[in-house]
Amino acid sequence: MNSLVLPLTAIVLYSFAYRYYIAFVATKVARVDPSRPVPSVTQADGRDFVKTNKFVLFGHHFAAISASGPLIGPVLAAQFGYLPGALWILFGAALGGAVHDFIILFASVRHGAAPLSEIARREVGPMAHRSATASILFITILLLAGLAIVVVNALANSPWGTFTVAMTIPAALLFGFYMYRLRPGRVVEGSLIGVALILAAVLAGPWLVHSQYAAWFTLHPKTIALILPVYGFIAATLPVWLLLCPRDYLSTYMKIGTIVLLVAGVAIVHPPLLMPAVTPFVNGTGPVLPGMKVFPFCFIVIACGAISGFHALIGSGTTPRMIPNEGSIKFIGAGAMLTEGVVAIMALVAATTLVPADYYLINGVPKVVSALGIHPAQLTELTRLVGEETLQGRTGGAVSLAVGMANILRQIPGMGHLMAYWYHFAIMFEAVFILTALDTGTRVARYLFQDVARSVWAPLGSTTNWLSVSAVGAVVCVAWGYLAVTGSIETIWPLFGVSNQLLAVIALAVGTSFILRQRPAPYALVTFLPLCFLTVSTMTAGVLNTFRYLSPAYVKDKGATVAYIDGALSVILIILVGMVLIDSARRWMYILSERRRGVVNVPAVARDPDHPGPVPVAEVAG
């Protein structure tokens, strides 16, 4: 099949979904009110609650939610063929992910920028709050550690990537100071300066590699793993307008620019998809995801490319504190998710245009590939063109994505000699793409831990006191930093995909309660139907993973300690999410019984602890 079919289908489908379906959710289900005061105005503090231009905030939000999932997930899912992954990305993002992101961001704004766990307390009940809090705290640290390890692997011994990522920090500081202090509101001027600096750093990368300064940026994996938590601490504690939001915004130009370039390359070259629509490995015998069948693991592996619980953390974390008005929620929440869907489709295209044998040799577990008797087709030539010693056995998806992207771009007329350039550019692009989710995730984790810490000692919950912000931020960074330094993909990643989707299950359950409490029951189907599908697929994957962790083969391969820890944590997560679902179902039954008694707007379970006392239902219902 012509590879241009998939991106064109995605663009058309997502355009219709945004224009009609998401518009229906915004106007009829949520009933957004652009004139209603938002937290960035009512709680403005100059640090976390800062009213932000919607285009700048879109850049921040898109950069924050776009982690490894839309890049790596579709590449790994290509083992099943291009069709299963493409269908899930197309319809999952349009009908599930975009709604999930919109509703959680809207609910958080209506609840005064409350985090997901607090929304669960108010909309569902205390048991859901406790279960959701425990789940979210654990999953967040696990997600951040997993993202950090991917960044470490991408930047290790890569001076070009490390230099470019490092240069985004002073560029962001300059942009933030320029737009918020020197020339307030001059977004275009600041963007031109910031983007020019980022572009200069990208173009200077090849020169740096061959200069005397290359050694400064050629870092050992352990060194990068130690530096990342330090950066995360700085990004999580400085005012959001100074570093975090500007850096994410500027990085978005590079992210979207690269994807547009790849779309243009596919339009010019239109290489065929060499991977079949469905492969024989849908039964779990494949070398890339050994033992994982197309159901349910295709829906787990792709993660952020279709729907992601991590997005709920951002949508109830930094973004609702900066939203300029409710009218921007559709553009920022749903728009960013649909844009990420296009990214995921392009990653799938890049992987499936490779010869299948070469794809399996790059991504596959070496002993499994050897057992299947797979032999290289063009891999030797590709290895020479990118300038690597070997591409075989480079598992994880990042390398094959870079090779696929570079192989498409080099076929553009006049670029045939730039294969190595495009390959290293793609590796650097992946690191920048993922790091923006790491810094925002750290700040969100700080919010979550402060929300819990205030029950232990009230001053720790203050987001304006520098000491409390620094203390909790340091704890968060040490927690995920320790896992990143001492762990590995093999020890962290097994729980990453399932825990991320379990978090989406929690978010959709809370979102369903939020809608059902205020609107007629049929409107709640926009979140309830995706919730049903995701619950079945994710719980199934969680149970299958648990049996795999505790199997003799896994214990022998990974060691008893790792195997039993993975198994125990998997069981704990399933139980915690199950408790949220049970409490949510109880709440839904209560709301429906109240409706039968004639109650139109059912009151929330709990009030905002910062604004106690009776408050009109209309304040929440809108």
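Residues numbered from 1 in each chain as written. Predicted model: local features only at pLDDT ≥ 70, side-chain atom pairs only at ≥ 80, totals over all residues. Heavy atoms only, no water.

Brief notes about the overall build of the protein
Line of reasoning, step 1. Broken down by element type, the protein carries 26 helices and zero strands.
Line of reasoning, step 2. Scaling as 2.2 N^0.38, a compact globule of 622 residues should have a C-alpha radius of gyration of about 25 Å, and the protein matches this with 23 Å.
Line of reasoning, step 3. Expressed along its principal axes, the backbone C-alpha trace of the protein runs to roughly 70 × 55 × 45 Å.
Line of reasoning, step 4. Put simply, 84% of the contacts in the protein that link residues at least 6 apart link residues at least 24 apart.
Line of reasoning, step 5. Split by element, the accessible area of the protein, about 22500 Å² in all, is 70% carbon and sulfur.
Line of reasoning, step 6. Here the protein contributes 38 positive and 25 negative side-chain charges, whose respective centroids are spaced 6 Å apart. (Helix = DSSP H or I, 4+ residues; strand = E, 2+ residues; numbered from the N terminus. Rg over C-alpha atoms; globule rule 2.2 N^0.38 Å. Contact = heavy atoms within 4.5 Å. Areas by Shrake-Rupley, 256 points an atom, 1.4 Å probe, with all protein chains shown as cover. Lys, Arg positive; Asp, Glu negative; His and termini not counted. Charge placed at Lys NZ, Arg CZ, Asp CG, Glu CD.)

Quick look at unusual backbone geometry
Line of reasoning, step 1. Residues Phe 295 and Pro 296 are joined by a peptide bond in cis, for which omega reads 10 degrees.
Line of reasoning, step 2. Examined against the element boundaries, Pro 296 turns out to sit in helix H12 (residues 294-301).
Line of reasoning, step 3. At Ala 113, a residue that is not glycine, the phi angle is positive and equals roughly 65 degrees.
Line of reasoning, step 4. When its relative accessible area of 2% is taken as the criterion, Ala 113 is described as buried. (Buried < 20%, exposed > 50% of the residue type's maximum accessible area, 1.4 Å probe, protein only.)

Focus on helix H18 (residues 398-409)
Line of reasoning, step 1. Here H18 spans 17 Å end to end across twelve residues, near enough to the 16 Å set by a 1.5 Å rise per residue.
Line of reasoning, step 2. Buried residues dominate H18, accounting for eleven of its twelve residues.
Line of reasoning, step 3. Val 399, Ser 400, Leu 401, Ala 402, Val 403, Gly 404, Met 405, Ala 406, Asn 407, Ile 408 and Leu 409 are the residues of H18 that are buried. (Expected span 1.5 Å × (residues − 1).)

Brief notes about the packing of helix H8 (residues 159-182) against helix H19 (residues 419-453)
Line of reasoning, step 1. Interhelical geometry of H8 versus H19 gives an angle of 40 degrees and a closest axis separation of 9 Å. Taken together, the axes of H8 and H19 are oblique relative to one another. You can see that H8 and H19 cross each other, and the crossing is right-handed. Taking contact as the criterion, the partners of Trp 160, Gly 161, Thr 164 and Val 165 in H8 are, on H19, Tyr 421, His 424, Phe 425, Met 428, Val 432 and Leu 435. (Axes fitted to C-alpha atoms, helices over the stretch in contact; angles between N-to-C directions. Parallel < 35°, antiparallel > 145°, perpendicular 65-115°, else oblique. Left-handed = near helix turned anticlockwise from the far one by under 90°.)

Re helix H15 (residues 356-363)
Side chains three or four residues apart in an α-helix point the same way, a direct result of the helix having 3.6 residues per turn.
Line of reasoning, step 1. H15 sits mainly inside the fold: eight of its eight residues count as buried.
Line of reasoning, step 2. At its buried positions, H15 is contacted by helix H4 (69-77), helix H14 (329-352), helix H16 (366-372), helix H17 (379-386) and H18.

Details of the environment of Ser 158
Line of reasoning, step 1. In this fold, Ser 158 is placed in the loop between helix H7 (126-155) and H8.
Line of reasoning, step 2. Here Ser 158 falls in the buried class, since its relative accessible area comes to 14%.
Line of reasoning, step 3. Along the primary structure Ser 158 and Ile 427 are separated by 269 residues, whereas in three dimensions their C-alpha atoms are 8.9 Å apart.

Section: the packing of helix H6 (residues 116-123) against helix H22 (residues 496-518)
Line of reasoning, step 1. Contact pair H6 / H22: the axes reach a minimum separation of 10 Å and the direction vectors enclose 40 degrees. Here H22 runs oblique to H6, going by the angle between their axes. Crossing handedness for the pair H6 and H22: left-handed. Residue-level inspection shows Leu 116, Ile 119, Ala 120 and Glu 123 of H6 in contact with H22, the latter providing Leu 503, Ile 506, Ala 507, Val 510, Ser 513, Phe 514 and Arg 517.

Structural notes on the pattern of salt bridges
Line of reasoning, step 1. Overall, the coordinates contain 13 salt bridges when judged by the stated rule.
Line of reasoning, step 2. Arg 446 is the salt-bridge partner of Asp 48, the closest N and O atoms lying 3.1 Å from each other. On the criterion of sequence distance, the pair formed by Asp 48 in the loop between helix H2 (39-42) and helix H3 (54-65) and Arg 446 in helix H19 is long-range, its members being 398 residues apart. When sorted by exposure, Asp 48 lands in the same class as Arg 446, which is buried.
Line of reasoning, step 3. Measuring nitrogen to oxygen at the nearest pair gives 2.5 Å for the salt bridge that ties Arg 384 to Glu 381. Of this pair, Arg 384 and Glu 381 are both found in helix H17, three residues apart, which corresponds to roughly one turn of the helix. (Salt bridge = Lys/Arg side-chain N within 4 Å of Asp/Glu carboxyl O.)

Here's the deal with the confidence of the model for the protein
Line of reasoning, step 1. Mean pLDDT for the protein: 88, with 96% of residues reaching 70 or above.
Line of reasoning, step 2. The low-confidence segment residues 613-622, where pLDDT is below 50, has 19 contacts with residues more than four positions distant or belonging to other chains. (pLDDT = per-residue confidence, 0-100.)

Some details on the environment of Cys 304
Line of reasoning, step 1. Here Cys 304 is to be found in the loop between H12 and helix H13 (309-315).
Line of reasoning, step 2. The class for Cys 304 is buried, based on a relative accessible area of 5%.
Line of reasoning, step 3. Through-space distance from the C-alpha of Cys 304 to that of Pro 70 is 5.4 Å; in sequence the pair is 234 residues apart.
Line of reasoning, step 4. Excluding residues that lie within four positions of it along the chain, Cys 304 makes contacts with Ile 65, Gly 69, Pro 70, His 311, Met 337, Glu 340 and Asn 500.

What to know about the packing of aromatic side chains
Line of reasoning, step 1. Taken as a whole and judged by the stated rule, the model has 23 aromatic pairs.
Line of reasoning, step 2. Ring centres of Tyr 549 and Tyr 554 lie 5.3 Å apart, and the angle between their planes is 55 degrees; on these two criteria the pair is classed as tilted.
Line of reasoning, step 3. Given a relative accessible area of 0%, Tyr 549 falls into the buried group.
Line of reasoning, step 4. For the cation-ring pair, Lys 330 lies above Tyr 18, with the distance from its terminal atom to the ring centre recorded as 4.4 Å. (Phe/Tyr/Trp six-rings, centres within 6.5 Å; stacked < 30°, edge-to-face > 60°. Lys NZ or Arg CZ within 6 Å of the ring centre and 35° of its normal.)

Comments concerning a nonpolar patch on the surface
Line of reasoning, step 1. On the surface, Leu 83, Leu 87, Phe 91, Leu 95 and Val 278 cluster together into a nonpolar patch covering about 430 Å² of accessible area.
Line of reasoning, step 2. Inspection of the secondary structure puts Leu 83 in helix H5 (residues 82-110).
Line of reasoning, step 3. Overall, the relative accessible area of 34% leaves Leu 83 in the partly exposed class. (Patch = residues over 30% accessible without salt bridge, like charges linked within 9 Å, V, L, I, M, F, W, Y side chains within 5 Å.)

Brief notes about the state of the cysteines
Line of reasoning, step 1. This model, assessed by the stated rule, comprises zero disulfides.
Line of reasoning, step 2. Among the cysteines around Cys 245, which has no disulfide bond, Cys 477 carries the closest sulfur, lying 19 Å off. (Disulfide = S-S within 2.5 Å.)

Notes on the environment of Gln 450
Line of reasoning, step 1. Note that Gln 450 resides in helix H19.
Line of reasoning, step 2. The sequence separation of Gln 450 and Gly 473 amounts to 23 residues, and the corresponding C-alpha distance is 8.8 Å.
Line of reasoning, step 3. Not counting residues up to four positions away in its chain, the partners in contact with Gln 450 are Leu 460, Gly 461, Ser 462, Thr 463, Ser 468, Val 469 and Val 472.
Line of reasoning, step 4. A polar side-chain atom of Gln 450 sits 2.7 Å from the main-chain carbonyl oxygen of Ser 462. (Polar contact = N/O pair within 3.5 Å; in protein donor to acceptor, adjacent residues only side chain to side chain.)

Examining the side chain of Ser 570
Line of reasoning, step 1. Within the secondary structure, Ser 570 is located in helix H25 (residues 560-596).
Line of reasoning, step 2. Only 3.4 Å separates the side chain of Ser 570 from the backbone oxygen of Gly 542, close enough to count as a polar contact.
Line of reasoning, step 3. Setting aside residues up to four positions removed in sequence, Ser 570 forms contacts with Leu 495, Gly 542, Thr 546 and Tyr 549.

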